[in-house]
Amino acid sequence: MRKRFLAAALAGVAASAALAAPAHAEDTTVTLTVDATGGLSITVPASANIGHGVEGSSVSGLLGPVTVLDQRSSITPNWTASVISTDFSTGGGTSGETIPNINVSYWSGPATATAGTGTFTPGQPTPGDQQIINVPRTAFSKTGGTGNNFATWNPTLVVNIPPATVRGTYTGTVTHSVL
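If you're wondering where the values come from, they're calculated on a predicted model, not measured in any experiment.

(A) Here's a closer look at the environment of Ala48. For Ala48, the position within the fold is in the loop between strand 1 (40-43) and strand 2 (58-62). Separated by 13 residues in sequence, Ala48 and Gly61 place their C-alpha atoms 8.6 Å apart. Discounting residues that sit within four places of it in the chain, Ala48 has contacts with Leu62 and Leu63.

Here you go:
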């Protein structure tokens, strides 16, 4: 019995010696860099035709998908997309050939796709929330979360054609930007 006890004690001492801290140790500090995959960008359709109407009526239609892509790999990847419109005109752009941008409204609707963490918020979630875009308006925004993300929505443009507007094909520019 003594031999077993002595053998067990010696085994315990040997195990303790093996697990003891080394006589001398050195640490290596290791670093690495995580780069951003890209920046912050917005893509929009090159053109859209929202239909036909007569003076005194409204014409509305979808602009097509608008996408904000945030590849900044940020700890605070917040962004706000804005929208504004020019006047719409035809021919020589006289008063009868111009639909002022005060007659142009926009509603973003909900996101059609998102990825990433945080809160994605439409500027105008429903038709009742549409806003005149003669000045910059928030189209969509994202707050919170971390890292890369994206959001896509398909906004609706509404153009109220004033009385005394002449017939023709009217062209205007709707500009989306993101910060």
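(B) Quick peek at the nonpolar core. Core analysis: the biggest nonpolar cluster contains 23 residues, and Trp79, Tyr106, Trp153 and Leu157 have the highest contact counts within it. Counting residues per element, the ones that place at least two in this core are strand 3 (66-70), strand 4 (79-85), strand 7 (104-107), strand 11 (137-143), strand 12 (149-153) and strand 13 (156-160). Of the residues forming this core, the biggest block, 3 residues, is contributed by strand 4. Other than its neighbours up to four places away in sequence, Leu157 contacts Ile50, Val59, Ser60, Gly61, Leu63, Phe88, Val104, Ser105, Tyr106, Ile133 and Val174.

(C) How the structure looks around the environment of Ile84. Assignment of secondary structure puts Ile84 in strand 4. Here the alpha-carbon distance between Ile84 and Thr173, two residues 89 residues apart in the chain, equals 8.4 Å. With residues up to four places along the chain from it excluded, the contact list for Ile84 reads Ile133, Asn134, Val135, Pro136, Thr173, Val174 and Thr175.

(D) Seen up close, the sheet that holds strand 4. Read from one edge to the other, the open sheet built from 4 strands follows the order 9-11-4-14, with strand pairing classed as antiparallel. Unpaired on one side and paired on the other, strand 9 (119-122) and strand 14 (174-178) mark the two borders of the sheet. Pairs of neighbouring strands in the sheet enclose a mean axial angle of 15°, with direction left out of account. In this structure, strand 4 lies alongside strand 14, joined through 5 bridges in antiparallel fashion. What sits directly across from Ile84, in strand 14, is Thr175.

(E) Focus on the packing of aromatic side chains. Across all of its chains, the model carries 2 aromatic pairs by this definition. Relative to Phe120, the ring of Trp79 lies with its centre 6.5 Å away and its plane at 55°, an arrangement referred to as tilted. In this pair, Trp79 is assigned in strand 4 and Phe120 in strand 9, connecting sequence segments 41 residues apart. Considering the side-chain rings of Phe140 and Trp153, the 4.6 Å spacing of their centres and the 15° angle between planes classify their relative orientation as stacked. With Phe140 in strand 11 and Trp153 in strand 12, this pair connects stretches of sequence that are 13 residues apart. Of the two residues, Phe140 and Trp153, both sit in the buried class. We note Lys142 situated over the ring of Phe120; from NZ or CZ to the ring centre the distance is 6.0 Å.

Scoring rules and cut-offs
Residues numbered from 1 in each chain as written. Predicted model: local features only at pLDDT ≥ 70, side-chain atom pairs only at ≥ 80, totals over all residues. Heavy atoms only, no water. Helix = DSSP H or I, 4+ residues; strand = E, 2+ residues; numbered from the N terminus. Contact = heavy atoms within 4.5 Å. Core = buried A, V, L, I, M, F, W, Y, C linked by side-chain atoms within 4.5 Å. Buried < 20%, exposed > 50% of the residue type's maximum accessible area, 1.4 Å probe, protein only. Pairing = 2+ DSSP bridges. Axes fitted to C-alpha atoms, helices over the stretch in contact; angles between N-to-C directions. Phe/Tyr/Trp six-rings, centres within 6.5 Å; stacked < 30°, edge-to-face > 60°. Lys NZ or Arg CZ within 6 Å of the ring centre and 35° of its normal.

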